[in-house]
Amino acid sequence: MDRRKILLSGLLVGFLGVLLVYFGNPANMGVCVACFIRDIAGGLGLHRAEPVQYIRPEISGFILGAFLTALLTGEFRARGGSSPLVRFFIGMAIMIGALTFLGCPLRMVLRLAAGDLNALVGLVGFVFGIFIGVQFLKKDFSLGRSHRLPAANGFAMPAFALVLLILVVTAPAFIFFSESGPAASRAPVVISLAAGLLIGFAVQRTRLCQVGCFRDLILIKDPHLLYGTAGIFAAALIMNLTFGYFKLGFVDQPVAHTDGLWNFIGLAVVGLGATLLGGCPLRQLVLSGEGDTDAAFTVFGLLAGAAVSHNFGLAASANGVTAAGQIGVLIAAAFLLVVGFAFTKSEITVRQKGGATHEHTD
């Protein structure tokens, strides 16, 4: 039954991911957490890249859908305190990696289902990054335990999601809206919000996670979560074939580049970072809706990473990855490796004066 539920959840996400394209979202980008948060950063004026400025209602939907579901099922619980600042910077690193590839793990699956073979290269990198992360997990990597917090802390992220909705609906003068480029392609607000709420509900109930499916398969040989990713791919593939969106190949794919090395490295960074966090970007949004303030720090890290990527020319484009972007994603990878080693418990032999040897755990 659990496998059936997660498969149905994946089918729903894949179906909605292509349906949103039909209603106006960019091609092969019906749902992309990284791209949508990047657009929100632009809409709020945190960067001035004119083609990618719009407060995507889907992001608010993910958070609010998870929030309402958690409230109704008694799973809402305010908690935090598990290295929130480190999580913030990991979120930044993940966004730099995602904007090198031009998409989050969810968009990777949707791109594959539309025939974009560049995403296949990204998938290999993604799994490689997860594999590296699993090696840290095997050595007891941990960012520390979270603790219960006053309930008001858990309501902060849903409140932020509501504010974003108000801003996109009222469109005050200080909010930016792209008139061309990917962010100018958008489904109606009501449809975008409805899809986001449904996805937030589905992911909250099933714990669907693109990182978790490969992590669990590598770490404990459990394919349970993989059914969700398979469902996303299957539904999106059928929808793309139905609407005529499927195009097999590497070249001329929507909002994508053909630089295989950097597609690999970009999603390897995402895979490693998300493994250290314990969940993919979509899962972090859902957790933040459930009251997890550590996940909320990660989401704001993603937002900051999007601003940094565009303000400093790190983000890739259809023309490929800039020199600054190549340096940026390598720095992000190095940072994640440092975090992996710094938060891994290891037995270190310390020789004290007099030749006595003691072992202690870092």
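Because the structure is a prediction, the values reported are computed rather than measured.

Below, the discussion takes up the overall build of the protein chain. Check the secondary structure of the protein chain and you find 14 helices and 4 strands. Taking 21 Å as the expected radius of gyration for a compact globule of 362 residues, we find that the protein chain reaches 20 Å, a close match to that expectation. Taken along its principal axes, the extent of the C-alpha atoms in the protein chain is 75 × 45 × 45 Å. Taking all 362 residues of the protein chain together, the buried fraction comes to 54%. In the protein chain, 79% of the contacts between residues at least 6 apart in sequence involve partners at least 24 apart. Split by element, the accessible area of the protein chain, about 14800 Å² in all, is 67% carbon and sulfur. For the protein chain, the distance from the average site of its 25 positive side-chain charges to the average site of its 18 negative ones is 4 Å.

This paragraph deals with the environment of glycine 80. Examined against the element boundaries, glycine 80 turns out to sit in strand 1 (residues 79–80). Along the sequence, glycine 80 and arginine 148 sit 68 residues apart, while their C-alpha atoms lie 6.7 Å from each other. The residues touching glycine 80, leaving out its near neighbours within four places in the chain, are Ser146, His147, Leu149, Thr293 and Asp294.

Summarising the model, the protein chain shows a mean pLDDT of 94, and 95% of its residues fall at 70 or more. Note that pLDDT drops below 50 for residues 347–362; the model gives that stretch 23 contacts with residues more than four away or on any other chain.

In summary, soluble globular proteins display a tendency toward joint burial of nonpolar side chains. Counting residues in hydrophobic clusters, the biggest one holds 94 residues, and the most contacted among them are Ile59, Phe62, Ile90, Leu106, Phe126, Ile199 and Leu282. Beyond its immediate sequence surroundings of up to four residues, isoleucine 199 is in contact with Val13, Leu16, Val31, Phe62 and Leu282.

Here the largest pocket defines a volume of roughly 260 Å³. Contributing to the lining of the largest pocket are 18 residues, with Arg38, Val52, His310, Ala316 and Ser317 lying nearest its centre. Partitioned by chemical class, the residues of the lining of the largest pocket number 12 nonpolar, 5 polar and 1 charged. The calculated volume of the second largest pocket comes to roughly 220 Å³. Taken together, 13 residues make up the lining of the second largest pocket; nearest its centre are Arg215, Thr275, Leu276, Leu277 and Gly278. When residues in the lining of the second largest pocket are grouped by element, the largest group, 3 residues, is from helix 11 (residues 260–277).

On to the packing of helix 11 against helix 14 (residues 323–342). Following both chains from N to C, one finds helix 11 and helix 14 inclined at 30°, their axes separated by 10 Å at the closest point. Relative to helix 14, helix 11 is oriented roughly parallel. Where helix 11 crosses over helix 14, the two elements pack in a sense that is left-handed. The segment helix 11 lies against helix 14, with Trp262, Ile265, Gly266, Val269, Leu272, Gly273 and Leu276 engaging Gln326, Val329, Leu330, Ala332, Ala333, Leu336, Leu337, Val339 and Gly340. Of the residues belonging to the contact of helix 11 with helix 14, the class tally is 12 nonpolar, 4 polar and no charged.

Rules used throughout
- Residues numbered from 1 in each chain as written.
- Predicted model: local features only at pLDDT ≥ 70, side-chain atom pairs only at ≥ 80, totals over all residues.
- Heavy atoms only, no water.
- Helix = DSSP H or I, 4+ residues; strand = E, 2+ residues; numbered from the N terminus.
- Rg over C-alpha atoms; globule rule 2.2 N^0.38 Å.
- Buried < 20%, exposed > 50% of the residue type's maximum accessible area, 1.4 Å probe, protein only.
- Contact = heavy atoms within 4.5 Å.
- Areas by Shrake-Rupley, 256 points an atom, 1.4 Å probe, with all protein chains shown as cover.
- Lys, Arg positive; Asp, Glu negative; His and termini not counted.
- Charge placed at Lys NZ, Arg CZ, Asp CG, Glu CD.
- pLDDT = per-residue confidence, 0-100.
- Core = buried A, V, L, I, M, F, W, Y, C linked by side-chain atoms within 4.5 Å.
- 1 Å grid on protein atoms, 1.4 Å probe; cavity = no way out; pocket = protein on both sides within 12 Å on 5 of 7 lines; lining within 4 Å.
- Points joined across faces, edges and corners; volume = space filled by probe spheres on them.
- Nonpolar A, V, L, I, M, F, W, Y, C, P; charged D, E, K, R; others polar.
- Axes fitted to C-alpha atoms, helices over the stretch in contact; angles between N-to-C directions.
- Parallel < 35°, antiparallel > 145°, perpendicular 65-115°, else oblique.
- Left-handed = near helix turned anticlockwise from the far one by under 90°.

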